[in-house]
Amino acid sequence: MKDITIALAKGRLAKKALGIFEQIGITCDEMKDESSRKLIFTNEERKLKFFLAKATDVPTYVEYGAADIGIVGKDTIMEEARKLYEVIDLGIGRCRMCVAGPPQAKELLQHGALIRVATKYPRIARDYFYNKKHQTAEIIKLNGSIELAPIVGLSEVIVDIVETGSTLRENGLEVLEEICPLSARMVVNQVSMKMEHDRISDMIVRLRNIVQGQEGGRL
Ligand code: PRP
């Protein structure tokens, strides 16, 4: 039997994702050792391999089949636009993709003015401004601390993830428009879905039950 390889986006999401896998009896204790520099972990008994990757690389590993399965945020899935199947909303890492800026920038969003938009997510920003709002926008790609851009005059607004909203608040910015809700998703390589159909579908069914159970508990 071939190993099934699962790529997890590094960071907060990985821990929560491992928690969900544990609930269906898939454990990988070795992976919890944060001091370890090991990159790939094996669960011999279940014929599974796990590895941690930078979030933006997870869809790439899955599209090329280097990982059969990936756990990654919807933001990254949308931005990378890779060929893969998105099979489950895991309901973890919930946040929102928003247009944010100083309160006075709201007016610029209402009158279709040329606007500068700083973001880590140029594809999402372009799609929103060009295809949904039909507003001419100059999209400026940044790699982090996006909230700085309107403060130092690089852009009028930003497109970024808002979770608690505290980064915006502490910098005198606010949500001006909401683009879409986000959460972590399970994605599957298109060939693996056929070749390993039974094992992967079984995993999907069991994970869906866990996720639905948790959603039920929250209601
Ligand atoms: C993300 C995002 C915001 C912040 C939002 O940044 O880009 O800056 O979290 O969270 P909040 O609404 O709870 O304040 P991240 O920590 O990923 O770092 P980055 O600045 O490098 O993008």
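Residues numbered from 1 in each chain as written. Predicted model: local features only at pLDDT ≥ 70, side-chain atom pairs only at ≥ 80, totals over all residues. Heavy atoms only, no water.

### Examining the site of the ligand
Around the ligand, the structure places Lys120, Gly144, Ser145, Glu147, Asp160, Ile161, Val162, Glu163, Thr164, Gly165, Ser166 and Thr167. A distance of 2.9 Å separates an oxygen atom of the ligand from a polar backbone atom of Ser145. In this structure, Glu147 approaches the ligand through a side-chain N or O atom, which is 2.6 Å from an oxygen atom. With the chains in place, 69% of the 490 Å² that the ligand exposes on its own is no longer accessible. (Near = heavy atom within 4 Å. Polar contact = N/O pair within 3.5 Å; in protein donor to acceptor, adjacent residues only side chain to side chain. Areas by Shrake-Rupley, 256 points an atom, 1.4 Å probe, with all protein chains shown as cover.)

### Things to note about the pattern of salt bridges
As enumerated under the stated definition, the model contains 13 salt bridges in all. Glu163 is the salt-bridge partner of Arg12, the closest N and O atoms lying 3.1 Å from each other. Highlighted residues: Arg12 in helix α1 (residues 12-23) and Glu163 in the loop between β9 (157-162) and α7 (166-170), separated in sequence by 151 residues. We classify Arg12 as exposed; its relative accessible area is 64%. (Salt bridge = Lys/Arg side-chain N within 4 Å of Asp/Glu carboxyl O. Helix = DSSP H or I, 4+ residues; strand = E, 2+ residues; numbered from the N terminus. Buried < 20%, exposed > 50% of the residue type's maximum accessible area, 1.4 Å probe, protein only.)

### Points about the domain arrangement of the protein chain
The accessible area lost on association of the parts is a frequent measure of interface size. Taken as a whole, the protein chain is organised into domain 1 (4-93 + 183-218) and domain 2 (95-181). Measuring from the centre of the C-alpha atoms in domain 1 to the corresponding centre in domain 2 gives 30 Å. Facing the seven residues of domain 1 at the interface are nine residues of domain 2. Carbon and sulfur atoms make up 50% of the area that domain 1 and domain 2 hide from each other, which totals about 750 Å². For domain 1, the biggest contributors to the area lost against domain 2 are Asp75, Met78 and Glu79; these three give 65% of the whole. Taken together, the connections running from domain 1 to domain 2 amount to one salt bridge. Taken together, the links from domain 1 to domain 2 amount to five residue pairs in polar contact (both at pLDDT 80 or more). (Domains from an automatic or database assignment. Contact = heavy atoms within 4.5 Å. Buried area = accessible area lost by both parts, 1.4 Å probe.)

### Side note on the nonpolar core
With 43 residues, the main nonpolar core has Ile6, Leu8, Phe21, Phe50, Met186 and Met203 as its most contacted residues. Of all the secondary-structure elements, those providing two or more residues to this core are β1 (4-9), α1, β3 (48-53), α2 (58-63), β4 (69-73), β5 (85-89), β11 (184-188) and α9 (197-218). Residue contacts for Met186: discarding those within four places in its chain leaves Ile69, Gly70, Ile71, Tyr85, Glu86, Val87, Ile88, Leu90, Met203, Ile204 and Leu207. (Core = buried A, V, L, I, M, F, W, Y, C linked by side-chain atoms within 4.5 Å.)

### Quick word on the sheet that holds β9
Read across the open sheet, the five strands follow the order β8-β7-β9-β6-β10; overall the sheet is mixed. Unpaired on one side and paired on the other, β8 (137-141) and β10 (174-182) mark the two borders of the sheet. Neighbour-to-neighbour, the strand axes of the sheet open up by a mean angle of 25 degrees, direction not taken into account. One ladder, built from seven bridges, connects strand β6 (residues 95-101) with β10; its direction is antiparallel. Each bridged residue has a counterpart across the sheet, and for Met97 the counterpart in β10 is Cys180. Here helix α5 (residues 122-132) sits on the sheet and contacts β6, β7 (115-119), β8, β9 and β10; the angle it forms with β8, its principal contact strand, is near 170 degrees. (Pairing = 2+ DSSP bridges. Axes fitted to C-alpha atoms, helices over the stretch in contact; angles between N-to-C directions.)

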